[in-house]
Amino acid sequence: MPSSTPARKRVTIALIAQEAGVSVPTVSKVINGRPEVAPETRRKVERLLLKHGYTRRTTLGDGPVGLIDLVFTELESPWAMELIRGAESATREVGAGIVISVMHTHAGPGRDWFDRVAARRTDGVIIVSSRLSASQYGHLNARSIPFVVVDPEGEPAPDVASVGATNWHGGLAATRHLLELGHRRIGMIGGPPDMLCSRARIDGYRAALETAGIPVDPALIHYGDFLVGSGHDRAHDLLSLPEPPTAIFAGSDLQAFGVFEAARQRGLRVPENLSVVGFDDIPLARSAWPPLTTVRQPLQEMAALAARMVLAMSRGEPLETRRVELATSLIVRDSTAAPRP
């Protein structure tokens, strides 16, 4: 017996144009990021593209153009450079190039950026450490631009491809290392409390203490922005406590370097008077003095995998999984030691 369910009508440019009351070429200009469209008309067309879930049809002549967009909120840290190296190594393998954009905001790119990306027909986009809205995801989907989020700030939607690291396990391993050395007062300096990776690292820290039967002291947990200055300032706060910690686990290597400086200013030696653990294992961690014990986050591998995922999506290949977490590992160097009696 034939099904009574009507076939879903394919969303076409002509249908969008008819509903918007504009010409087909006008809709095409919006989809392709062309500038010669009135702002109100552009907004109306974009709303309809999102409403109907329009997906651009590719022709047999279409194919990869050999270009990927890599989008950061900032480029001021060695952390970002490691991601660039990883993405570049993966794209170089297939003869593709990279365009780097800096948004200077965690809110993600604006509409003008989407238009520019569509106009240059990028193969896909890697978005680093941003919190994109459903509308921003919709802009990419409506223009048929594949994208992957690396180290997402918040929990990505189920259909959004993402690459991260095992932040919780890293926080657990770092804290366990300090506990095994004999530390019991362990300070924690996290990143912004609303960032997924920061919360996971702190949760790992809490789990290690609780498993060891040590109550979590809220006074020992402070938050910063993953940069040197916040590590320095929050370390001073921790070391000013009536009973200061004998060890500090910093949520990033840059914060750990700030802890080094705060300890020096107070006449404390690392690790004789204060043990310090970082997170990331950026190249500077190995050449710091003392060399920094840290949790290695495979930044280059994360970016390389994201680039390969984007390129596969641009070729229409299905992904084995849309959410990947690469393993972290503890790297023990000279900034940690048993507490002095």
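None of these values were measured; they are calculated from a predicted model. (Residues numbered from 1 in each chain as written. Predicted model: local features only at pLDDT ≥ 70, side-chain atom pairs only at ≥ 80, totals over all residues. Heavy atoms only, no water.)

Chemist: Help me out: how do you make sense of helix α9 (residues 228-239) in this one?
Modeler: An α-helical segment advances 3.6 residues per turn. Residues three or four places apart therefore align on the same side. Here α9 is 12 residues long and its end C-alpha atoms lie 16 Å apart, about the 16 Å a rise of 1.5 Å per residue gives. Turning to α9, its buried residues number three or more, namely S230, G231, H232, A235, H236, L238 and L239. Where α9 is buried, its residues contact β6 (186-190), β7 (221-223), β8 (247-250) and α10 (253-265). (Helix = DSSP H or I, 4+ residues; strand = E, 2+ residues; numbered from the N terminus. Expected span 1.5 Å × (residues − 1). Buried < 20%, exposed > 50% of the residue type's maximum accessible area, 1.4 Å probe, protein only. Contact = heavy atoms within 4.5 Å.)

Chemist: For this particular structure, what's the right way to read the sheet that holds strand β11 (residues 323-326)?
Modeler: Whenever strands of a sheet pair, they do so through backbone hydrogen bonds, lying parallel or antiparallel. Spatially, 6 strands are ordered β2-β1-β3-β4-β5-β11 in an open sheet, and the strand pairing comes out parallel. Of all the strands in the sheet, the pair left with one neighbour each is β2 (97-102) and β11. Geometrically, the sheet is characterised by an average inter-axis angle of 20 degrees between neighbouring strands, direction not taken into account. (Pairing = 2+ DSSP bridges. Axes fitted to C-alpha atoms, helices over the stretch in contact; angles between N-to-C directions.)

Chemist: Explain helix α6 (residues 134-142) here, please?
Modeler: What α6 keeps buried is the set Q136, Y137, G138, H139, L140 and A142. Trailing α6 by a residue or two, S144 shows a phi angle of about 55 degrees, which is positive.

Chemist: Just checking my understanding: could you explain the environment of W79 for this structure?
Modeler: In this fold, W79 is placed in helix α4 (residues 78-93). Owing to a relative accessible area of 15%, W79 belongs among the buried residues under this scheme. When neighbours within four sequence positions are excluded, W79 is seen to be in contact with V128, S129, D151, D280, I282, Q297 and L299.

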